[in-house]
Amino acid sequence: MLSSLTIQDFVIVDHLQLEFDSGMSVLSGETGAGKSILIDALSLTLGARSDASQVREGAEKATISAMFDLNEQAKAILEEQGLDTSEGELILRRVIESSGRSKAFVNGTPVPASTLKQLSETLIDIHGQHAFQTLTKPAEQRRMLDAYAQHDALLANVGSAYQALNKARRQLNSAREGQQEKEARLSALQWKLDALDKVAPKPGQWETLSQEHERLSHSAELLTGTQAALNTLSGDEHSMLDQLAEVLGSLTHLSQRDHALADIVKNLGEGEILIREAAYDLGHYLKHSNLDPDSLADVDRQMSEWHDTARKLRVAPELLHEEWEQTRAEIESIETGLDLDQLEKQHHVAQMAYDSAALVLRNSRIKAASRLAKCVTDSMQTLSMQGGRFEVALNECEPSSFGSDDIEFKVAGHPGVTPQPIQKVASGGELARISLAITVNTVEGTPVPTLIFDEVDSGIGGAVAETVGRYLRSLGQGKQVLCVTHLPQVAAQGHHHYQVSKTIDNGFTRSVIQKLGAESRITEVARMLGGQNITSATRTAAQEMINAG
């Protein structure tokens, strides 16, 4: 559930902090006051695309934070991505800079906007004021039916089977086409592979060879320099260690006369140990450095092989290992593709698996379509479409990742009329009502705890508006509902009421949202009923509407 929303310097909002409760919350206000700004801001915290124009004029950045109760689905996503869940709450924050750049945070940790979108699917469903327009699109009709039937798992099975079928089909078709071309390509690849096999390049091997060649090429310099250093430290008659031992012995004796020399003796003693260790390491290096000419000749030979192969194949030496892997992979793919019998068997198995998954989905859709049609038809009777009928038809279509069904919503607006595709027979007002009826009957099964309706009651009024309000209020019994509305009949049904108003201060426009108390709510509903001239009659009517809710 959404518990709070904080907005800073967003569009025409300078600062706003709102607390939300369960049930149905209504947002109302005059046209242009900024009712939908809250929805737009909330959408940004859910991963919507940002724009520099959303930053309030004169501000450096806009910041929106939304706090939610942490549900199990969201918690699983956070834990999968290693994000903190210890506080038991979820804070989504979005920052949009005036330059157009945006940043996203979850519980204070930077995340990509895609993470917000992933979380949004477990938190909120937003139904916009133009939802009825998308209702005429076949893809949306299919989505709504599948959402109503909770077909996520079945759709995942069909999608996976479709991908496997597509892969098998591509491999089979590829094998059937250009057989001679593949054999010629295989011959060319085999020549390349033979050349690469002689070198057998491995990742990082070229860099290792180059470093070893550099070391061996300077073997004389390395040997002379390290031997001279060793002699200076310990090998000469008056080596550094001999001189240091003499100095150390003398100062040790003197330190018995003056204890102030004790720390100096200690430091010299530690220095002697370090020099002895360095001399030992130099001696070990000289014995085991393997700086002989034979080693250089062997490395020279290997580098020549790499250079010759790279020049022959027109590839940089350091990329030979990638060329080797790609060549082997392509040969394996072609050889597999040349086995037509095996590919035909694989395609047949993939086709059967897809047909089986699609059939299970179709059978479930048929049952869900019948249930949804009855529920929406019943709802239409209460939305001034008495005698109307809603149907969901399934027509066979070309297989896809969504199955082999075209979903078609049909409606008859009056009794005795044969249902026709919804886009052909429904007027704008009817579409709005049917869309609401479908939405009300499909969102109850959604797992998200918060539903937002942004002027979905557009184009309706009177008794129908009162019915719409009751529908939304009934949804608020089990879920948190936020509704942006211009209808008093809908506003009166809310458990909570927020008013959006617009002010102009010193030439700057500001949008303000405040939660209404009992008296101010009556005034706002009265304004929605009768306009700016609020009379005692409109206040009485408003009071009665609220009491009836």
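Above this text is the structure in question.
The notes below deal with the structure included here. (Residues numbered from 1 in each chain as written. Predicted model: local features only at pLDDT ≥ 70, side-chain atom pairs only at ≥ 80, totals over all residues. Heavy atoms only, no water.)

### Examining the overall build of the chain
Now for step 1: When helices and strands are counted, the chain shows 20 helices and 15 strands.
Now for step 2: Taken against the 2.2 N^0.38 rule, which gives 24 Å for 549 residues, the C-alpha radius of gyration of the chain at 39 Å runs more than 25% over that of a compact globule.
Now for step 3: Principal-axis analysis of the C-alpha atoms places the extent of the chain at approximately 120 × 85 × 40 Å.
Now for step 4: For the chain, contacts bridging at least 24 residues in sequence account for 69% of all contacts bridging at least 6.
Now for step 5: With the model as given, the accessible surface of the chain reaches about 28700 Å², and the carbon-plus-sulfur share is 50%.
Now for step 6: Of note, the chain has its 51 positive side-chain charges centred 9 Å away from the centre of its 75 negative side-chain charges. (Helix = DSSP H or I, 4+ residues; strand = E, 2+ residues; numbered from the N terminus. Rg over C-alpha atoms; globule rule 2.2 N^0.38 Å. Contact = heavy atoms within 4.5 Å. Areas by Shrake-Rupley, 256 points an atom, 1.4 Å probe, with all protein chains shown as cover. Lys, Arg positive; Asp, Glu negative; His and termini not counted. Charge placed at Lys NZ, Arg CZ, Asp CG, Glu CD.)

### Side note on the sheet that holds strand S14 (residues 496-505)
Now for step 1: With mixed pairing, the 6 strands of this open sheet are ordered in space as S8-S12-S13-S3-S14-S15. In this open sheet, the two strands that pair with only one neighbour each are strand S8 (124-127) and strand S15 (508-515). On average, adjacent strands in this sheet sit at an angle of 15° to one another, irrespective of strand direction.
Now for step 2: Examined bridge by bridge, strand S12 (residues 450-454) and strand S13 (residues 480-484) share 5 bridges and lie parallel to one another. The residue bridging aspartate 454 from the neighbouring strand is valine 484, located in S13. (Pairing = 2+ DSSP bridges. Axes fitted to C-alpha atoms, helices over the stretch in contact; angles between N-to-C directions.)

### Re unusual backbone geometry
Now for step 1: Although it is not a glycine, valine 11 sits at a positive phi angle of roughly 55°.
Now for step 2: Along the chain, valine 11 turns up in the loop between strand S1 (2-10) and strand S2 (13-19).
Now for step 3: For valine 11, a relative accessible area of 31% gives the class partly exposed.
Now for step 4: Positive phi outside glycine occurs at arginine 314, with the angle close to 60°. (Buried < 20%, exposed > 50% of the residue type's maximum accessible area, 1.4 Å probe, protein only.)

### Here we look at the packing of aromatic side chains
Now for step 1: Overall, the coordinates contain 4 aromatic pairs when judged by the stated rule.
Now for step 2: Ring centres of tyrosine 162 and tyrosine 354 lie 5.8 Å apart, and the angle between their planes is 55°; this geometry places the pair in the tilted category. Taken together, the positions of tyrosine 162 in helix H6 (residues 152-176) and tyrosine 354 in helix H14 (residues 340-381) put the pair 192 residues apart, joining distant regions of the chain.
Now for step 3: A relative accessible area of 0% places tyrosine 354 in the buried class. (Phe/Tyr/Trp six-rings, centres within 6.5 Å; stacked < 30°, edge-to-face > 60°.)

### Notes on helix H17 (residues 462-475)
Now for step 1: Between the first and last C-alpha of H17 there are 21 Å, a value that for 14 residues agrees with the 20 Å anticipated at 1.5 Å per step.
Now for step 2: Among the residues of H17, Val464, Ala465, Thr467, Val468, Gly469, Tyr471, Leu472 and Leu475 are the ones counted as buried. (Expected span 1.5 Å × (residues − 1).)

### Considering the pairing of S2
Now for step 1: Looking at chain direction, S1 and S2 are connected through 6 bridges and run antiparallel. The residue of S2 that forms the bridge with glutamine 8 is histidine 15.
Now for step 2: Count of turn residues in the S1/S2 antiparallel hairpin: 2 residues, of which valine 11 carries a positive phi of about 55°.

### Topic: the sheet that holds strand S9 (residues 389-400)
Now for step 1: Spatially, S9-S10-S11 is the arrangement adopted by the 3 strands of the open sheet, whose pairing is antiparallel. Of all the strands in the sheet, the pair left with one neighbour each is S9 and strand S11 (420-421).
Now for step 2: As judged from the 9 bridges shared by S9 and strand S10 (residues 403-412), these two strands associate in the antiparallel manner. By the bridge assignment, asparagine 395 is partnered in S10 with aspartate 406.
Now for step 3: Along the sheet, H14 contacts S9 and S10; its crossing angle with S9, the most-contacted strand, is approximately 160°.

### As for the packing of helix H19 (residues 518-530) against helix H20 (residues 536-548)
Now for step 1: At a minimum axis distance of 8 Å, the contact between H19 and H20 shows a crossing angle of 110°. The angle between H19 and H20 places the two elements in the roughly perpendicular class. With respect to the hand of their crossing, H19 and H20 are arranged in right-handed fashion. Contacts from Glu519, Arg521, Ile522, Thr523, Val525, Ala526, Leu529 and Gly530 of H19 reach H20 at Thr538, Arg539, Ala541, Ala542, Gln543, Met545 and Ile546. (Parallel < 35°, antiparallel > 145°, perpendicular 65-115°, else oblique. Left-handed = near helix turned anticlockwise from the far one by under 90°.)

### Considerations on the pairing of strand S3 (residues 24-29)
Now for step 1: Along S3, 6 of the 6 residues are buried, which leaves the element largely enclosed by surrounding structure.
Now for step 2: Because side chains alternate across S3, one face comprises the buried residues Met24, Val26 and Ser28, and the other comprises Ser25, Leu27 and Gly29, equally buried.
Now for step 3: Two strands pair when backbone bridges link them, and S3 and S13 are joined in this way by 4 bridges, in the parallel orientation. Across the sheet, residue leucine 27 finds its bridge partner in S13, namely valine 484.
Now for step 4: Here S3 runs beside S14; their pairing, made up of 5 bridges, is parallel. When the sheet's bridge partners are listed, serine 25 is paired in S14 with histidine 496.

### Structural notes on the environment of alanine 153
Now for step 1: When you line up the elements, alanine 153 lands in helix H6.
Now for step 2: For alanine 153, a relative accessible area of 54% puts it in the exposed group.
Now for step 3: As a C-alpha pair, alanine 153 and leucine 361 span 208 residues in sequence and 9.6 Å in three-dimensional space.

### Remarks on the environment of arginine 170
Now for step 1: Within the secondary structure layout, arginine 170 lies in helix H6.
Now for step 2: In this structure arginine 170 comes out as exposed when scored by relative accessible area, which is 54%.
Now for step 3: Put simply, arginine 170 and glutamate 183 are 13 residues apart on the chain and 18 Å apart in space, counted from C-alpha to C-alpha.

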